[in-house]
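As a plain string of letters, each chain reads:
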Amino acid sequence: MPSLLAAAHLDVAQNVAFGFLAASMAVAAIRVVTTKNIVHAALYLVVVLAGVAGIYLLLAAEFTAVVQIIVYIGAIVVLFLFGIMLTRAPLGRTANLDNNQRPLALAVALFLLGLLVYVLVDAFHSTHLDALHRPLRVGTTALVGNAIFQTYVVPFEAVSVLLLAALVGAVVIARRD
Amino acid sequence: MLLNEFLFLGALLFCTGVYGVLARKNGVLVLMSVELILNAVNINLIAFGAFRDTIAGQVFALFVIAIAAAEVGVGLAIVLLIYRNRRSIDLTDVDLMKG
């Protein structure tokens, strides 16, 4: 039954979820870079980051999705809100958040988008993600743990030292003396 | 699902972030746009990881998330220092190295 086999590739539920997530992320991302209110930009960023976590779930990367929520929404957005407060940004609408290169920036971004879309259509126009259909693939968290602590243990330790260095550096840069 | 759905979404987020970095002059907003770019890269890494059926994509995305956290910490410290020295985080005013 070729029609049923073809229908199995349609993934209706996944595609509906993807469309909803992608549309809300696109709107929120554009609001992040265009809104006149700096606190609203941080809150729209939360929408984008949560949408990215949902996309990770669609790609069967549940551990990364949880890390995305904990690290980005839990820590980085809070850091942004602290930065907004400490620099005493005006909390209402402010007119001068953009510089005078907006047309040029828009041209660069649209050119880049067109180029990327052209290249992607050219390279992967009918590539399916068949790995998501593998049965009994319950979770990938154990695989991630094995990979981090076996294959990638040296980069993992290097990242921990980097985080320590960034912590000390941030304290040294920001403290009053 | 098609691989390209995810790659297009990543491309859109990336270009939005590039626009934000180029067009914003508030230091905190520029850092937010950099986060958009990093998330676009992470979507691509995990999508290609699922496509190749390898776990390396997720591991690399986790490394990118950790480094993004370090980058935001240091970046916001620099923005705070600029604010303390100049009473503004308008990046167009930071032009000491302009000839």
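Residues numbered from 1 in each chain as written. Chains lettered and ligands numbered in written order. Predicted model: local features only at pLDDT ≥ 70, side-chain atom pairs only at ≥ 80, totals over all residues.

**Some details on the overall build of chain A**
Move 1: Assigned secondary structure in chain A consists of seven helices and zero strands.
Move 2: Starting at the N terminus and walking to the C terminus, you meet the elements of chain A as α-α-α-α-α-α-α.
Move 3: The burial tally for chain A puts 23% of its 177 residues in the buried class.
Move 4: A sequence separation of at least 24 residues applies to 60% of the contacts in chain A between residues at least 6 apart. (Helix = DSSP H or I, 4+ residues; strand = E, 2+ residues; numbered from the N terminus. Buried ≥ 20, exposed ≤ 12 C-beta atoms within 10 Å, placed from the backbone. Contact = placed C-beta atoms within 7 Å.)

**Structural notes on the packing of helix α1 (residues 3-23) of chain B against helix α2 (residues 27-52) of chain B**
Residue and element names in this part refer to chain B.
Move 1: For the pair α1 and α2, interaxial distance at closest approach is 8 Å and the crossing angle is 165 degrees. In this view, α1 runs roughly antiparallel relative to α2, as classed from their interaxial angle. For α1 against α2, the interelement crossing comes out left-handed.
Move 2: Class assignment for the residues of the contact of α1 with α2 results in 18 nonpolar, seven polar and no charged. (Axes fitted to C-alpha atoms, helices over the stretch in contact; angles between N-to-C directions. Parallel < 35°, antiparallel > 145°, perpendicular 65-115°, else oblique. Left-handed = near helix turned anticlockwise from the far one by under 90°. Nonpolar A, V, L, I, M, F, W, Y, C, P; charged D, E, K, R; others polar.)

**Points about unusual backbone geometry**
Residues and elements named next belong to chain B.
Move 1: Even without being glycine, Asp-53 reaches a positive phi, approximately 55 degrees.
Move 2: Since 13 C-beta atoms lie within 10 Å of it, Asp-53 is described here as partly exposed.
Move 3: With a phi close to 60 degrees, Arg-87 is a non-glycine residue in the positive phi region.
Move 4: Looking at the element boundaries, Arg-87 is found in the segment after α3 (56-86).

**What to know about the packing of helix α3 (residues 38-58) of chain A against helix α4 (residues 62-86) of chain A**
Residue and element names in this part refer to chain A.
Move 1: Two elements in contact, α3 and α4, have axes separated by 8 Å at closest approach and are oriented at 175 degrees. Between α3 and α4, the crossing angle belongs to the class labelled roughly antiparallel. Residue-level inspection shows Ile-38, Val-39, Ala-42, Leu-45, Val-46, Leu-49, Ala-50, Val-52, Ala-53, Tyr-56 and Leu-57 of α3 in contact with α4, the latter providing Glu-62, Thr-64, Ala-65, Gln-68, Ile-69, Tyr-72, Ile-73, Val-77, Phe-80, Leu-81 and Ile-84.
Move 2: Across the contact of α3 with α4, the residue classes break down as 19 nonpolar, two polar and one charged.

**Overview of the nonpolar core**
Move 1: Membership of the largest hydrophobic core comes to 74 residues, with the highest contact counts inside it found for Val-32 and Val-48 of chain A together with Ala-47 of chain B.
Move 2: Those elements that place two or more of their residues in this core are α2 (12-34), α3 and α4 of chain A together with α1, α2 and α3 of chain B.
Move 3: Counting residues per element, this core draws most heavily on α2 of chain B, which supplies 15 residues.
Move 4: Apart from residues lying up to four places away in sequence, Val-32 of chain A is in contact with Ala-41, Tyr-44, Leu-45 and Val-48 of chain A together with Gly-20, Met-32 and Leu-36 of chain B. (Core = buried A, V, L, I, M, F, W, Y, C linked by C-beta atoms within 7 Å.)

**Regarding the domain arrangement of chain A**
Move 1: Taken as a whole, chain A is organised into domain 1 (1-96), domain 2 (100-127) and domain 3 (139-177).
Move 2: Put simply, the middle of domain 1 of chain A and the middle of domain 2 of chain A, counted by C-alpha atoms, are 20 Å apart. (Domains from an automatic or database assignment.)

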